[in-house]
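Residue-level structural notes
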Amino acid sequence: MKYALVIFETDESRRRIRADRAAYRKEYEGWIGGLAAAGKLVGGEALETENAIPATVRTTADGTATVTDGPAWAGEETLGGWFVVEVADRAEAVELARSLPTPETVEIRPILESA
């Protein structure tokens, strides 16, 4: 089964990145490398979170769209990216997310397999 591990940056992760980006990246890339070496990593992308402001488009039932600057949901956690993993089941996806050595929040979602 494929799952998305959706990564949300936190105040603590951003603090650590600012303090020592190279060390943080090494720790993170070690985790990603472990997923790849185990044959679990399908793909993923990181989002630009430091130098660009996201845009949010909300469309109502009548088709009216409103565009605002900023994330869809304001708060401490910021969408940072995602990984897609191929695992046996949800429990394995949870264990992979738990093994992330950096202080992010990980939301685990099954990938909808289309016909």
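Provided above is the structure to which this section pertains.
A brief report on the enclosed structure follows. (Residues numbered from 1 in each chain as written. Predicted model: local features only at pLDDT ≥ 70, side-chain atom pairs only at ≥ 80, totals over all residues. Heavy atoms only, no water.)

**A few points about the side chain of arginine 14**
This is how it is decided: Here a helix means four or more residues in a row that DSSP labels H or I, a strand means two or more in a row labelled E, and each is numbered from the N terminus. Here a polar contact is taken to be a pair of N or O atoms separated by no more than 3.5 Å, where protein atoms must pair a possible hydrogen donor with a possible acceptor and residues adjacent in sequence count only if both atoms sit in side chains. Working rule for contacts: check all heavy atoms of both residues, and any pair within 4.5 Å makes them a contact.
In this structure, arginine 14 sits in helix α1 (residues 11-19). For arginine 14, the side chain forms a polar contact with the side chain of aspartate 11, separated by 2.7 Å. Residues in contact with arginine 14, not counting those within four places in the same chain, are Glu9, Glu76 and Thr78.

**With respect to helix α3 (residues 90-98)**
Put simply, the rule reads: To sort residues, take the accessible area from a 1.4 Å probe on protein chains only and compare it with the maximum for the residue type: under 20% means buried, over 50% means exposed, and anything in between is partly exposed. What the arc covers is the set of directions going from the helix axis to the C-beta atoms.
For α3, every residue scored as buried is listed here: Ala93, Leu96 and Ala97. End-on, the buried residues of α3 take up no more than an arc of 100 degrees, which puts them together on one face. Where α3 is buried, its residues meet β1 (2-9), α2 (21-37), β5 (78-86) and β6 (105-110). The N-cap residue of α3 is aspartate 89: its side-chain oxygen and the backbone nitrogen of alanine 91 are 3.3 Å apart.

**Here's the deal with the side chain of threonine 10**
Tracing the chain through its elements places threonine 10 in the loop between β1 and α1. When neighbours within four sequence positions are excluded, threonine 10 is seen to be in contact with Glu76, Glu77, Pro103, Glu104 and Thr105.

**Details of the sheet that holds β1**
Here is the rule: Here, a strand pair is defined by DSSP locating no fewer than two bridges between the strands. Between the N-to-C directions of two axes lies an angle of 0 to 180 degrees, each axis being a line fitted to C-alpha atoms and, for a helix, fitted only over the stretch in contact.
Read from one edge to the other, the open sheet built from four strands follows the order β2-β5-β1-β6, with strand pairing classed as antiparallel. Looking along the sheet, the strands with just one partner apiece sit at the ends: β2 (41-46) and β6. For this sheet the average axis-to-axis angle between neighbouring strands, irrespective of direction, equals 20 degrees. Pairing of β1 with β5, which is carried by eight bridges, proceeds in the antiparallel orientation. Each residue of the ladder has a partner; that of valine 6, found in β5, is tryptophan 82. Strands in contact with α2 are β1, β2 and β5; relative to β5, the strand with the most contacts, it is inclined by about 25 degrees.

**A short note on α2**
Let me state the cut-off plainly: One less than the residue count of a helix, multiplied by 1.5 Å, gives the span that helix is expected to have.
For α2, spanning 17 residues, the distance from its first C-alpha to its last is 24 Å, which sits close to the expected 24 Å at 1.5 Å a residue. All buried positions along α2 are accounted for by Tyr24, Tyr28, Trp31 and Leu35. For α2, the angular spread of buried residues about the axis comes to 55 degrees, placing them on one side. Summarising the geometry of α2, the exposed residues directed more than 90 degrees from the buried face are Ala22, Arg25, Lys26 and Ala37. Contacts from the buried residues of α2 go to β1, α1, β2, β5 and α3.

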